[in-house]
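Okay, here's what each chain looks like letter by letter:
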Amino acid sequence: MNMETGAVLAPPAPKRIEDMGLSPVMMRDIILKTLFRKNTNKVTDLARAVCLPLPVCQEIIDMARGQGLMEAMGTLGAAGEVSSEMPYQLTDTGKARALDALAQSEYFGPMPVPLEDYRAQVARQSIRNIQITRDQLTGAMGHLILPDDLISNLGPAVSSGRSILMYGPPGNGKSSISNGIRDAMGDEIYVPRALEYAGQIISMYDPIVHTLSDKDAQDTSALRQRARFDRRYVLCKRPTVITGGELSLDMLDLVYNPTARTYQAPLQLKSTGGIFIVDDLGRQAEPPQKLVNRWIVPLEESKDILALQSGEKFEVPFDTLVIFSTNFHPNEIFDQAALRRIFYKIKIDGPSQENFLKIFALVARKKGMQLDEASLVYLLKHKYPTINNIYANYQPVFLIDQMIAVCDFEGIPYKMSPDLIDRAWGNMFVKDEHIVK
């Protein structure tokens, strides 16, 4: 029976070998390789290294002993005292088997989770099970000055767990909004350290993508505490993968390590249960249409198809909120078939003059720049008309940082002036002119 942590059902700890869903040979060989590589002889240390409850680990050890691959070293300590644990070591036959197993795959340590078992866990903690409230979304974005209707448009899109396309002029907070969506989720899920499919190991847990939960102290000395859930999983905050112009199609495929003879999960699989943000869509080497075509099956059928080195293809869960963010109009980079498969299209416009002034005042206060009413009037009446009064969210930060840099260099107080505005404005835009070569 599954246990519950918060709103997500935890994977139960296995109680016997049969609960593992792995072949006895694979489990035995991982034990042998781990014992060989880590040079440990205590059952508790070995159980901790392979992330198994003591009884299950002992069962596998007993199986290896029965095959003449491991042997007990006795129970007497160095000082003649009886040890509380019986130490084990590999026999010569066991060492030979460990080396043979390492030649087939260098993987050792945490036992993997069978892909089929992981499918069930993904369903228990699906991104589509989350219901984001207006208060949660507003709270996560409280530091942003947003148009009044944006939260109303974003809320249903996020709660649906379906794909979102945010588009609009550059510098208006699309990336910040994406990060706010991530922060609004707030709960935690279980991420397998590694997956097993057809005898192959796929590494899943990635400390760059996955942030350990504060609740899970990972107390390796408390085996009873460790039995609360299957320790082949790690309790993490819902993951977020952010890619930009560097994204390429091959980053969405399994990565095979020919030395270790194991696989690394692709980005979208690591983001399962969380968010995959494709920022600056249209700046990648691959055409946007081609990138979105790669996502059509996952977005429609909630499953992705990956391939092993052998060419064998298999399905993995696709349970990810995909957020595309672009400065291009959607009709410029997608055909209608692709747009139809992106469920929500939300335009992110620049701020009104009123919101621009709010942002400007907020940034100035945060950075210690003293505002001056005459200088603000100069900015609005003399500078912005030259760009058709088009405001962007990035501009207050840019202008104020420029003015601060001038003040620091000149050794003058942080106070706005028309002269400072002129100097800052000159760096925000490049004059359109022909350069003679």
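Residues numbered from 1 in each chain as written. Predicted model: local features only at pLDDT ≥ 70, side-chain atom pairs only at ≥ 80, totals over all residues. Heavy atoms only, no water.

A. Geometry of the packing of aromatic side chains. For the coordinates displayed, the defined rule picks out twelve aromatic pairs. With centroids separated by 4.2 Å and ring planes inclined at 15°, the aromatic side chains of Tyr197 and Phe314 adopt a geometry described as stacked. With Tyr197 in strand S8 (residues 194-197) and Phe314 in strand S16 (residues 313-317), the pair connects residues that are 117 residues apart, well separated along the chain. If you follow Arg162 out to its NZ or CZ, it ends over the ring of Phe343, 3.7 Å from the centre. (Phe/Tyr/Trp six-rings, centres within 6.5 Å; stacked < 30°, edge-to-face > 60°. Helix = DSSP H or I, 4+ residues; strand = E, 2+ residues; numbered from the N terminus. Lys NZ or Arg CZ within 6 Å of the ring centre and 35° of its normal.)

B. Local environment of the sheet that holds strand S14 (residues 275-278). Read from one edge of the open sheet, five strands run S11-S14-S17-S6-S18, paired in parallel fashion. Every interior strand has two partners, whereas the edge strands, strand S11 (240-243) and strand S18 (344-347), have only one. The mean inter-strand angle of the sheet, taken between neighbouring strand axes irrespective of direction, is 15°. Both S14 and strand S17 (residues 321-326) contribute to a ladder of four bridges, which runs parallel. Bridged to Phe276 within S17 is Val322. Along the sheet face, helix H8 (residues 174-185) touches strand S6 (164-167), S11, S14 and S17 and points at about 165° away from the line of S17. (Pairing = 2+ DSSP bridges. Axes fitted to C-alpha atoms, helices over the stretch in contact; angles between N-to-C directions. Contact = heavy atoms within 4.5 Å.)

C. Representation of the side chain of Thr40. If you trace the backbone, Thr40 turns up in the loop between helix H1 (24-38) and helix H2 (43-50). Looking at Thr40, the relative accessible area reads 16%, which means it is buried. Beyond its immediate stretch of four places on either side in the chain, Thr40 contacts Leu35, Asp45, Leu46 and Tyr88. (Buried < 20%, exposed > 50% of the residue type's maximum accessible area, 1.4 Å probe, protein only.)

D. The pattern of salt bridges, seen in detail. This structure, assessed with the given rule, holds 21 salt bridges. A salt bridge links Asp304 to Arg294; the shortest N-O distance between them is 3.0 Å. Taken together, the residues span a long stretch of sequence, with Asp304 in strand S15 (residues 303-307) and Arg294 in helix H11 (residues 288-301) at a distance of ten residues. Classification of Asp304 as buried rests on a relative accessible area of 3%. Linked by salt bridges that have partners in common, Arg28, Asp29, Arg97 and Asp100 make up one network. (Salt bridge = Lys/Arg side-chain N within 4 Å of Asp/Glu carboxyl O.)

E. Inspection of the layout of surface pockets at higher detail. In this model, the largest pocket occupies a volume close to 530 Å³. If you trace the largest pocket, you find 25 residues lining it, with Leu144, Ser176, Ile359, Asn393 and Val397 closest to the centre. Listing elements by their share of the lining of the largest pocket, those giving two or more residues are H8, S17, helix H14 (353-367) and helix H16 (394-410). The greatest single-element share of the lining of the largest pocket, amounting to five residues, is contributed by H14. Here the lining of the largest pocket is built from residues that sort into ten nonpolar, ten polar and five charged. (1 Å grid on protein atoms, 1.4 Å probe; cavity = no way out; pocket = protein on both sides within 12 Å on 5 of 7 lines; lining within 4 Å. Points joined across faces, edges and corners; volume = space filled by probe spheres on them. Nonpolar A, V, L, I, M, F, W, Y, C, P; charged D, E, K, R; others polar.)

F. Region of the structure containing the packing of H1 against helix H3 (residues 54-66). Packing of H1 against H3 leaves a shortest axis separation of 10 Å and a crossing angle of 90°. One way to sum up the angle between H1 and H3 is to call them roughly perpendicular. Residue-level inspection shows Pro24, Met27, Arg28, Ile31 and Leu32 of H1 in contact with H3, the latter providing Cys57, Ile60, Met63 and Ala64. Grouping the constituent residues of the contact of H1 with H3 by class yields eight nonpolar, no polar and one charged. (Parallel < 35°, antiparallel > 145°, perpendicular 65-115°, else oblique.)

G. The nonpolar core, seen in detail. The biggest cluster of nonpolar side chains holds 28 residues, and the ones touching the most others in it are Ile31, Leu52, Cys57, Ile60, Met70 and Met111. Every element with two or more residues in this core is listed here: H1, H2, H3 and strand S4 (88-90). In terms of residue count, the dominant contributor to this core is H1 (six residues). In this view, Ile60 contacts Ile17, Met27, Arg28, Ile31, Leu52 and Met111; residues no more than four positions away in its chain are not counted. Core analysis: the next-biggest nonpolar cluster, separate from the first, contains 25 residues, Val8, Phe229, Ala265 and Phe314 among them. (Core = buried A, V, L, I, M, F, W, Y, C linked by side-chain atoms within 4.5 Å.)

H. Structural context of helix H15 (residues 373-383). Restricting attention to buried positions, one finds in H15 the residues Ser375, Leu376, Leu379, Leu380 and Lys383. Within H15, the buried residues cover an arc of 135° as seen down the axis, which keeps them to one side. Away from the buried face of H15 by more than 90 degrees, exposed residues Glu373, Ala374, Lys381 and His382 are located. Buried residues along H15 sit in contact with H14, H16 and helix H17 (418-428). (Arc of directions from axis to C-beta.)

I. Local environment of the pairing of strand S10 (residues 233-237). Most of S10 is tucked away, with four of its five residues classed as buried. In terms of strand pairing, strand S7 (residues 188-192) meets S10 through five bridges, oriented antiparallel. Residue pairing across strands places Ile189 opposite Cys236, the latter belonging to S10.

J. Structural view of the environment of Tyr205. Assignment of secondary structure puts Tyr205 in the loop between strand S9 (200-203) and helix H9 (223-226). Along the backbone, Tyr205 and His434 are 229 residues apart, and their C-alpha atoms lie at a distance of 52 Å.

K. A look at H14. In this model H14 runs 21 Å from its N-terminal to its C-terminal C-alpha over 15 residues, within 8% of the 21 Å that 1.5 Å per residue would give. Listing the buried residues of H14 in full gives Asn355, Phe356, Ile359, Phe360, Val363 and Ala364. Contact partners of the buried residues in H14: H15 and H16. (Expected span 1.5 Å × (residues − 1).)

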